[in-house]
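Remarks on the overall topology
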Amino acid sequence: MFNLCIAELSEITEGSVSLGAMPPLAGLFEPIGRVVVDVREIQNRDVLWTFESRSRQFYYQVEDAYARGAMGVVVVGRRIEPWAGKFCLNVADSIEAFHRLMRCVRSDNGSWPAAVFGQDETMQEIMQAIWTRDLEAVRSCIVRLELREISAA
């Protein structure tokens, strides 16, 4: 099974990691779950990937993700204090960082390991848009994600 750890995700995306005051058990070498973009799809150990947003709902999404069991969140240019046992990865450009991640984990047959990315419809749309560098489609997916209501975990 293909599993990334926090340090590998940080290196691939060229991001800066902040660990919770009480860090994950294995620190930067703690394995992560899948990368997902929809907070409603979070499972234990997943990482919520966020995109640049002017919405105030962004902060609720991050908190909701941690409450739902996310191991970490990926953010752009924001200071987020991770919960105990969790992490936050700050990247300069979330779309470019996501594309780098996709390039690094792509298998020889042109697919991506299911253990790395969520398999829901929104995730697949965003992956396709980012892979083909269709910024219009990426923005459309981001707007749809922002419009969804955040529910209590």
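Before reading further, recall that the structure is shown in the block above.
What this report covers is the structure whose coordinates are included nearby. Just so you know, these numbers come straight off a predicted model, no measurement behind them. (Residues numbered from 1 in each chain as written. Predicted model: local features only at pLDDT ≥ 70, side-chain atom pairs only at ≥ 80, totals over all residues. Heavy atoms only, no water.)

Things to note about the sheet that holds strand β1 (residues 16–19)
Backbone hydrogen bonds are what pair the strands of a sheet, in a parallel or an antiparallel way. This is how the line gets drawn: Strands qualify as paired when DSSP identifies two bridges or more between them. Counting from the N terminus, the helices are DSSP H or I runs at least four residues long and the strands are E runs at least two residues long. Two residues form a contact once any of their heavy atoms are found within 4.5 Å. Inter-axis angles, ranging from 0 to 180 degrees, are taken between N-to-C directions of lines fitted to C-alpha atoms, where helices are fitted over the stretch in contact.
A sheet is described by the order of its strands in space; here five strands give the open sequence β1-β5-β4-β3-β2, paired in mixed fashion. Single-partner strands in this sheet number two, and they are β1 and β2 (35–36). One ladder, built from five bridges, connects strand β4 (residues 72–76) with strand β5 (residues 87–91); its direction is parallel. Bridging across to β5, Val73 finds its partner in Cys88. Sheet strands touched by helix α1 (residues 6–13): β1, β3 (47–49) and β5. Its angle to β5, the strand with the most contacts, is close to 10°.

Some points on the pattern of salt bridges
Spelled out, the test is: Throughout this description, the term salt bridge denotes a Lys or Arg side-chain nitrogen within 4 Å of a carboxyl oxygen of Asp or Glu. A 1.4 Å probe rolled over the protein chains alone gives each residue an accessible area, and that area as a share of the maximum for its type sets the label: buried under 20%, exposed over 50%, partly exposed in between.
Enumeration according to the criterion identifies nine salt bridges in this entry. In this structure, the salt-bridge partner of Arg79 is Glu81, at a minimum N-O distance of 3.2 Å. Note on Arg79: relative accessible area 62%, which makes it exposed. Notably, a salt bridge pairs Glu96 with Arg103, separated by 3.9 Å at the nearest N-O pair. On the basis of relative accessibility, which here comes to 25%, the residue Glu96 falls in the partly exposed class. Residues joined in a network through salt bridges with shared partners are Glu96, Arg100, Arg103 and Arg133.

Examining α1
Rule in force here: An arc is given here, and it is the one of the directions from the helix axis to the C-beta atoms.
When α1 is considered as a whole, its buried residues turn out to be Ile6, Leu9, Ser10, Ile12 and Thr13. Around the axis of α1, the buried residues are gathered within 165° of arc, so they sit on the same side. Where α1 is buried, its residues meet β1, β3, β5 and α3 (94–105). In the stretch just after α1, Glu14 is the one whose phi turns positive, near 55°.

Thoughts on the packing of aromatic side chains
Condition: Here a Phe, Tyr or Trp ring, Trp counted by its six-membered ring, pairs with any other such ring whose centre lies within 6.5 Å, and the pair is stacked when the planes are under 30 degrees apart, edge-to-face when over 60, and tilted otherwise.
A full pass over the atoms with the stated rule returns five aromatic pairs. Centre to centre, the rings of Tyr66 and Trp83 are 5.6 Å apart; their planes meet at 35°, and the pair counts as tilted. Residue Tyr66 is located in helix α2 (residues 57–67), and its partner Trp83 is located in the loop between β4 and β5; the two are separated by 17 residues in the primary sequence. Considering the side-chain rings of Trp112 and Trp131, the 5.1 Å spacing of their centres and the 75° angle between planes classify their relative orientation as edge-to-face. Of the two residues, Trp112 sits in the loop between α3 and α4 (121–131) while Trp131 sits in helix α4, which places them 19 residues apart along the sequence. These aromatic residues form a ring-pair network of at least three members: Trp49, Phe51, Phe98 and Phe117.

A look at the packing of α3 against α4
The test is simple: Orientation labels follow simple angle bins: below 35 degrees gives roughly parallel, above 145 gives roughly antiparallel, 65 to 115 gives roughly perpendicular, and whatever is left gives oblique.
Orientation of α3 relative to α4, taken along the N-to-C sense of each, is 95°, at an axis distance of 10 Å. On the basis of their axis angle, the class for α3 and α4 is roughly perpendicular. Note on element contacts: α4 touches α3 through Met123, Ile126, Met127, Ile130 and Trp131, opposite Ile95, Phe98, His99, Met102 and Arg103.

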